[in-house]
Amino acid sequence: MNALYTSILCVLAVETTGRLRAQETTALATTASMGCLPIYQETSDLVAVGPDVAGRQQWLQPAAARAWRGMQRAEEVDGVSLLLVSAFRSVDQQRQIFERKLRAGQTLEAIQAVNVPPGFSQHHTGTAST
């Protein structure tokens, strides 16, 4: 099985919204999933962990939230400052990021330099934060 075919199957394994144009979905498959990126299921087990740097409430799974709070306590002791930029992100939010960047004229290659396709982000699990 060639890499392109495998890649397309990987992307099709994720529930798609149909909002990305077919050519963009194919390009996502071609460039982002060579060898198949891991698919992450979206969690619903989330707790609020406070605002991000833009003032938006962020969410994590309970164990990740406890770890984040522990890091916040440690930062006070160590005299450093941690900034929460992004935590849980739904598959739909990830799709919206891609669509917004595509409308702004960015190429898929440029987008994928900083974002993985919807369904492939560890942010969907509620255990990742940046």
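Residues numbered from 1 in each chain as written. Predicted model: local features only at pLDDT ≥ 70, side-chain atom pairs only at ≥ 80, totals over all residues. Heavy atoms only, no water.

**Let's talk about the confidence of the model for the protein chain**
- Chain-level statistics for the protein chain give a pLDDT mean of 76 and a share of 71% at 70 or above.
- Within the model, pLDDT remains below 50 along residues 1-19, and this stretch shows 30 contacts once partners closer than five positions in the same chain are excluded.
- Ignoring residues within four places in sequence, the model shows residues 29-34, a span with pLDDT below 50, making 18 contacts including any to other chains. (pLDDT = per-residue confidence, 0-100. Contact = heavy atoms within 4.5 Å.)

**Section: the side chain of Thr-43**
- Counting through the fold element by element, Thr-43 comes out in the loop between α2 (22-32) and β1 (47-51).
- Engagement of the side chain of Thr-43 in a polar contact is seen with the backbone nitrogen of Asp-45, the distance being 3.1 Å.
- Apart from the residues lying within four places of it in its own chain, the contact partners of Thr-43 are Gln-61, Phe-88, His-124, Thr-125 and Gly-126. (Helix = DSSP H or I, 4+ residues; strand = E, 2+ residues; numbered from the N terminus. Polar contact = N/O pair within 3.5 Å; in protein donor to acceptor, adjacent residues only side chain to side chain.)

**Comments concerning the layout of surface pockets**
- A volume near 290 Å³ is recorded for the largest pocket.
- As for the largest pocket, its lining consists of Arg-56, Gln-57, Gln-58, Trp-59, Val-85, Ser-86, Phe-88, Arg-89, Gln-93, Ile-97 and Arg-100.
- Within the residue set of the lining of the largest pocket, elements represented by two or more residues are β2 (57-60) and α4 (91-103).
- Considering only residue class, the lining of the largest pocket consists of 4 nonpolar, 4 polar and 3 charged. (1 Å grid on protein atoms, 1.4 Å probe; cavity = no way out; pocket = protein on both sides within 12 Å on 5 of 7 lines; lining within 4 Å. Points joined across faces, edges and corners; volume = space filled by probe spheres on them. Nonpolar A, V, L, I, M, F, W, Y, C, P; charged D, E, K, R; others polar.)

**Side note on helix α3 (residues 62-78)**
- Across its 17 residues, α3 extends 24 Å between first and last C-alpha, which sits within 8% of the 24 Å expected from 1.5 Å per residue.
- Every buried residue of α3 is listed here: Ala-64, Ala-65, Trp-68 and Glu-75. Looking down the long axis of α3, one finds its buried residues gathered within 100° of arc, a one-sided arrangement. Exposed and oriented more than 90 degrees from the buried face of α3 are Arg-66, Arg-73 and Val-77.
- Packing partners of the buried residues in α3 comprise β1 and β2.
- Following α3 by one or two positions, Gly-79 has its phi on the positive side, about 70°. (Expected span 1.5 Å × (residues − 1). Buried < 20%, exposed > 50% of the residue type's maximum accessible area, 1.4 Å probe, protein only. Arc of directions from axis to C-beta.)

**Points about α4**
- Compared with the 18 Å implied by 1.5 Å per residue over 13 residues, the 18 Å span of α4 between its first and last C-alpha is a close match.
- Of the positions making up α4, those classed as buried are Val-91, Gln-94, Arg-95, Ile-97, Phe-98, Glu-99, Lys-101 and Leu-102.
- Just downstream of α4, Gly-105 is the residue with a positive phi angle, here 95°.

**Comments concerning the side chain of Arg-89**
- Tracing the sequence through the fold places Arg-89 in the loop between α3 and α4.
- Buried charge without a partner: Arg-89 forms no salt bridge, and the closest opposite charge is Asp-52, 8.6 Å away.
- Of note is the side chain of Arg-89, whose polar atom sits 2.7 Å from the side chain of Ser-86.
- Apart from the residues lying within four places of it in its own chain, the contact partners of Arg-89 are Gln-94, Ile-97, Asn-115, Ser-121, His-123 and His-124. (Lys, Arg positive; Asp, Glu negative; His and termini not counted. Salt bridge = Lys/Arg side-chain N within 4 Å of Asp/Glu carboxyl O.)

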